[in-house]
Amino acid sequence: MKQNNILVTGGAGYIGSHVVQQLRDKNRNVVILDNLSTGFQQAAQDAELIIGDTGDKKLVSQLLKEHDIGAVMHFAAHTIVPESVSNPLKYYGNNTCSTRNLLECCAEHGVKHFIFSSTAAVYGIPEAGLANEDSALSPINPYGTSKLMSEWMLRDLSAAGDLNHVVLRYFNVAGCDPEGRIGQSTRKATLLTKVACEAALGIRDHVAIFGTDYATPDGTGVRDYIHVVDLANAHLMALDYLEQGGESNTFNCGYGHGYSVREVLDMVGKVNGEPLNIKELPRRAGDPPQLIADANLIRTTLGWQPSYDNLEQIVTSSLNWERKLKQDDFRDK
Ligand code: UD1
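J.: So what about the domain arrangement of the protein? Which residues, and what values?
T.: Per the domain assignment, the segments of the protein are domain 1 (5-174 + 225-253) and domain 2 (192-223 + 256-292 + 308-332). Averaged C-alpha coordinates put domain 1 and domain 2 at centres separated by 25 Å. Across the domain 1 to domain 2 interface the summed buried area is about 1900 Å²; carbon plus sulfur atoms make up 68%. For the pair domain 1 and domain 2, the number of links is zero salt bridges. For the interface between domain 1 and domain 2, the tally reads four residue pairs in polar contact (both at pLDDT 80 or more). Breaking the side of domain 1 that touches domain 2 down by element, the ones donating at least two residues are helix 3 (81-86), strand 6 (130-131), strand 8 (172-174), strand 11 (225-227) and helix 7 (228-243).

J.: Could you give an account of the pattern of salt bridges, with specific residues and numbers?
T.: It is possible for side chains bearing opposite charge to pair when their charged atoms get close. Evaluated as defined, the whole model comprises 18 salt bridges. The residue E108 makes a salt bridge to K57 at a minimum N-O spacing of 3.0 Å. In this pair, E108 is assigned in helix 4 (residues 88-109) and K57 in helix 2 (residues 57-66), connecting sequence segments 51 residues apart. The class for K57 is partly exposed, based on a relative accessible area of 29%. Close ionic contact of E198 with R204 constitutes a salt bridge, the shortest N to O distance being 2.6 Å. For E198, a relative accessible area of 8% translates into the label buried.

J.: Lay out the sheet that holds strand 5 (residues 113-119) in plain terms, naming residues and giving numbers.
T.: Hydrogen bonding along the main chain pairs the strands of a sheet, whether they run parallel or antiparallel. The parallel open sheet is built from seven strands, whose spatial order is 3-2-1-4-5-7-12. Both outer strands of the open sheet, strand 3 (48-51) and strand 12 (249-253), are each paired with one neighbouring strand and no more. Going across the sheet, the axis of each strand differs from the next one's by a mean of 20°, ignoring polarity. In this structure, strand 1 (residues 5-9) lies alongside strand 2 (residues 30-34), joined through four bridges in parallel fashion. Across the sheet, the residue bridging to V8 is I32, located in strand 2. Sheet strands in contact with helix 2 are strand 1, strand 2, strand 3 and strand 4 (69-74), and its direction is about 175° off that of strand 2.

Calculation notes
Residues numbered from 1 in each chain as written. Predicted model: local features only at pLDDT ≥ 70, side-chain atom pairs only at ≥ 80, totals over all residues. Heavy atoms only, no water. Domains from an automatic or database assignment. Buried area = accessible area lost by both parts, 1.4 Å probe. Salt bridge = Lys/Arg side-chain N within 4 Å of Asp/Glu carboxyl O. Polar contact = N/O pair within 3.5 Å; in protein donor to acceptor, adjacent residues only side chain to side chain. Helix = DSSP H or I, 4+ residues; strand = E, 2+ residues; numbered from the N terminus. Buried < 20%, exposed > 50% of the residue type's maximum accessible area, 1.4 Å probe, protein only. Pairing = 2+ DSSP bridges. Axes fitted to C-alpha atoms, helices over the stretch in contact; angles between N-to-C directions. Contact = heavy atoms within 4.5 Å.

Quick look at the structure:
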């Protein structure tokens, strides 16, 4: 079928590679565009990988044309909240300006469907720590703002032409492919689950708790942790929805309940069989106290149902991946 091919930007990264895995399992034709700044060639497995930037107009235009791309899933982005506070222009450059370039190329080439990786960070500090898609959009860090600006470009572009889109606002993504083929491989990771697993395996000396004085039940930050396989599945369902004529839409991706930092660390210790070495530090810049999804809309509109809403399973898959990396670190090859 013409224009049946899918471009996945950032497909060699953590979330993108899990989506590519599921697309390939469904025999969809995938081309990955990734600059490998945080992704890894091995994560692309046997999918076609083009190494380059989403901000490179000539390259993007050429590949949309040559590969006859009908749908784009756009993961390529910087994602670290504290880094966005200290280096905002890096985030506006890659997450906003490069997305604008990608969208311009998509419009010129008549791409029909666009799925955008957005974030719960667009809500800032929602009332009672719970956000639905209509909650106020009020990011408290440049990362959230950089993504929100892209959401707005997408909204306006869809209104002006034929491109339909789905925005997926991720809450806290965690876990890895249960079969251990791919996982979270970021170097110098900042993600709580990854840092905790590294500490559990002695790759780091300790894990820090950033803030113990939040107005939450145990004083530490609360987040809605969603297993990456469930999140990846939401992308496939969003693509089906658009391909079947669904109108542009925005969905939260989370489970609708949260865990505190202490609960996550306790679980990592439990699964690993010994308590972690924990240091209590002051709050980290840009962190909201609590961020939980009202995620009813994606269930009712797309029929999405999670399969891994279980912290122990999330942690077990993360620890298994970390053990694998420790044994045979493909990142050094
Ligand atoms: C993550 C995502 C961000 C997304 C957000 C949605 C990444 C790198 N970050 O950010 O893109 O917008 O979810 O909610 O993908 N913490 C510690 N010690 C640590 C690390 C973290 O106490 O060593 C705490 C944080 O202060 C926070 C919680 O753990 O309360 C989660 O932090 P983290 O895993 O870094 O994710 P977010 O900053 O929430």
